[in-house]
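Chain and residue survey
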Amino acid sequence: MTTTAVSTPAPTAVRDLFTNRWLLLFLAAWAAATVYILTTDRSVLPLSDQEPIGYFSGIAGGIAGGVAGMAVLFLLARHRAPLDHRNAPEFRNPGKETAGLLAWMAAVLAVGSVFDIRTHIAFVGLAPGAQAVWDRQTPTSTLTWAIFNFVTLAVLPYLFFRYRLGYRPASMLLRFGRPKVWLPYFVLVGLPPIFFTATPEYYTTSVAGHVLTLVLFTIGSFLPIMITTQSLLTPRLAVLARSWVTGSVLSAIAYGALNITEAFLAWGSAAQLALSLAWFTQVAFWGLAKAVTTLRTGNAWLHIATTHTIHLAEAPALATTFRLR
């Protein structure tokens, strides 16, 4: 159950991206959703006072930086083929395993909603909407969120696939290969989003606040998303779709679905449904970036740098919750 890195010209992988009809359709839907969010009546959703121009201005900077980061990633990964049905790890029953993962994600989402636990506490890009969510948090609710996600989306899936099904870490994309290449990349790509999003309060937050933010987001967000969506689900979707790009689109949709209970969404009316679906597409866009990162490199860890470290900018809110300012 090991992955074989197959040499492939970098332009081939790039061409795969821009000739895949499902990706082009997804990007068209994302662009239409962006226009809809900017032009429709947003008062139908919670946090309706949130001004989305701040989010999209941040997105513009994030996309610009992300495109540069992805260009470097494709360059560094030019000597290996993206993971798909031809060179992914050997999965015993990818269809059944994928169905099981999706059912498990749905169950976790359902149980979490009963206890008001979501995949994310707040999206930092939705400040001050995110701050409104943080204002309702307590140390207990924050710790509960982190522990629940860690156990249900990281520990239990890992143990099941590692010891019940017998998959080795390499088959779960958890080997951090070529560290001399990818560790510097991780740092250089992962740090800028934090500072780009950080408020002035970020720089006056205590060291203890920053350390606690790193610990809680690692166990409550980084590792759960990595294990369930990147290590396990995404490569199987690529195998089933027989295309790493189509698999990335499917993974993006699954990632978006894992966030349908977020505080800024509502599904009770047609207007809420339409606007929530538009925001769903925005969330799924980040799932797409995660999946492309994972399948292009065969490394489930790297998506943390390309899409996830931005949450560390929430240190001031978390420090305030725990009175560590």
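Refer to the preceding data block for the structure.
Here is a short report on the structure shown in this document. (Residues numbered from 1 in each chain as written. Predicted model: local features only at pLDDT ≥ 70, side-chain atom pairs only at ≥ 80, totals over all residues. Heavy atoms only, no water.)

A short note on the overall build of the protein chain
Where we set the bar: Helix numbering and strand numbering both begin at the N terminus, where a helix is a DSSP run of H or I of at least 4 residues and a strand a DSSP run of E of at least 2. Relative accessibility under 20% of the residue-type maximum defines a buried residue, over 50% an exposed one, and the middle range a partly exposed one, all with a 1.4 Å probe and only protein chains included. Note on definitions: a residue-residue contact is assigned when non-hydrogen atoms from the two residues lie within 4.5 Å. Exposure was quantified through the Shrake-Rupley algorithm and a 1.4 Å probe, taking into account, for residues, occlusion by the shown protein chains and nothing else.
Each helix and strand counted, the protein chain has twelve helices and zero strands in total. Element order for the protein chain, N to C, with α for helix and β for strand: α-α-α-α-α-α-α-α-α-α-α-α. Counting every position in the protein chain, which comprises 325 residues, the buried fraction comes to 50%. In the protein chain, the proportion of contacts linking residues at least 24 apart, taken out of those at least 6 apart, comes to 84%. Of the roughly 14500 Å² of accessible surface on the protein chain, a fraction of 69% belongs to carbon and sulfur atoms.

Let's talk about the pattern of salt bridges
This is how the line gets drawn: Counted as salt bridges are all cases of a side-chain nitrogen of Lys or Arg within 4 Å of a carboxyl oxygen of Asp or Glu.
Per the stated rule, a full pass over the model turns up three salt bridges. Between Arg118 and Asp116 there is a salt bridge, with the nearest N and O atoms lying 3.1 Å from each other. Overall, Arg118 belongs to the partly exposed group, its relative accessible area being 22%.

Notes on a nonpolar patch on the surface
Going by this rule: Surface patches are drawn from residues lacking salt bridges whose relative accessible area is over 30%; two like charges belong together within 9 Å, two nonpolar side chains (Val, Leu, Ile, Met, Phe, Trp, Tyr) within 5 Å.
Taken together, the side chains of Trp104, Leu143, Ile147, Val151, Leu156, Leu159 and Tyr163 present a nonpolar region at the surface, about 640 Å² in accessible area. Along the chain, Leu143 falls in helix α6 (residues 139–164). A residue is classified by how much of its surface remains accessible, and Leu143, at 36% relative accessible area, is partly exposed.

A look at helix α10 (residues 270–297)
Just so we agree on the cut-off: To estimate the expected span of a helix, subtract one from its residue number and multiply by 1.5 Å.
An ideal rise of 1.5 Å per residue puts 40 Å on 28 residues; α10 measures up with 40 Å between its terminal C-alpha atoms. Within α10, 22 of the 28 residues are buried, which leaves it mostly tucked inside the rest of the structure. Count one or two residues on from α10 and you reach Gly298, which has phi positive near 70 degrees.

A few points about the packing of helix α8 (residues 207–241) against helix α9 (residues 244–257)
Quick reminder of the rule: Each axis is a line fitted through C-alpha atoms, taken for helices only over the stretch in contact, and angles between the N-to-C directions span 0 to 180 degrees. Note on terminology: angles under 35 degrees are roughly parallel, angles over 145 are roughly antiparallel, angles of 65 to 115 are roughly perpendicular, and the others are oblique. Left-handed describes a crossing whose near helix is turned anticlockwise from the far helix through less than a right angle; right-handed describes the clockwise counterpart.
Between α8 and α9, whose axes approach to 8 Å, the crossing angle comes to 140 degrees. By the angle between their axes, α8 is oblique relative to α9. Remark: the crossing between α8 and α9 carries right-handed chirality. Of the residues in α9, those in contact with Ile225, Thr229, Gln230, Leu233, Thr234, Leu237, Ala238 and Ala241 of α8 are Trp244, Thr246, Gly247, Leu250, Ser251, Ala254 and Tyr255.

Topic: α6
Residues spaced three or four apart along an α-helix point in a common direction, a consequence of the helix completing one turn every 3.6 residues. For clarity, the cut-off: What we call the bend at a residue is the angle made by axes fitted to the seven residues finishing there and the seven residues starting there.
Its 26 residues give α6 an end-to-end C-alpha distance of 35 Å, which sits within 8% of 38 Å, the value for a rise of 1.5 Å per residue. Along α6, the helix axis deviates most sharply at Val151, where the bend reaches about 35 degrees. The elements touched by buried residues of α6 are α4 (94–114), α5 (129–134), α8 and α12 (315–321). Residue Gly166 follows α6 closely and has a positive phi angle near 80 degrees.

Details of empty space enclosed by the protein
Definition in use: Using protein atoms alone on a 1 Å grid, points that fit a 1.4 Å probe yet trap it form a cavity, whereas open point sets bounded by protein on both sides within 12 Å along at least five of seven lines form a pocket; residues with an atom within 4 Å of a point count as lining. Grid points are joined across faces, edges and corners, and a volume is the space filled by probe spheres set on the points. Under the scheme applied here, ten amino acids are nonpolar (Ala, Val, Leu, Ile, Met, Phe, Trp, Tyr, Cys and Pro), four are charged (Asp, Glu, Lys and Arg), and all others, including Gly, are polar.
Summed over the entire model, instances satisfying the criterion amount to three cavities of 30 Å³ or more. Surrounding the second largest cavity, Val108, Leu109, Gly112, Ser113, Ile117, Arg118, Thr119, Phe148, Asn149, Leu153, Leu258 and Thr261 form its lining. Secondary-structure elements contributing two or more residues to the lining of the second largest cavity are α4 and α6. In terms of residues, the lining of the second largest cavity owes the most to one element, α4, which gives four residues. Looking at side-chain class alone, the lining of the second largest cavity contains six nonpolar, five polar and one charged residues.

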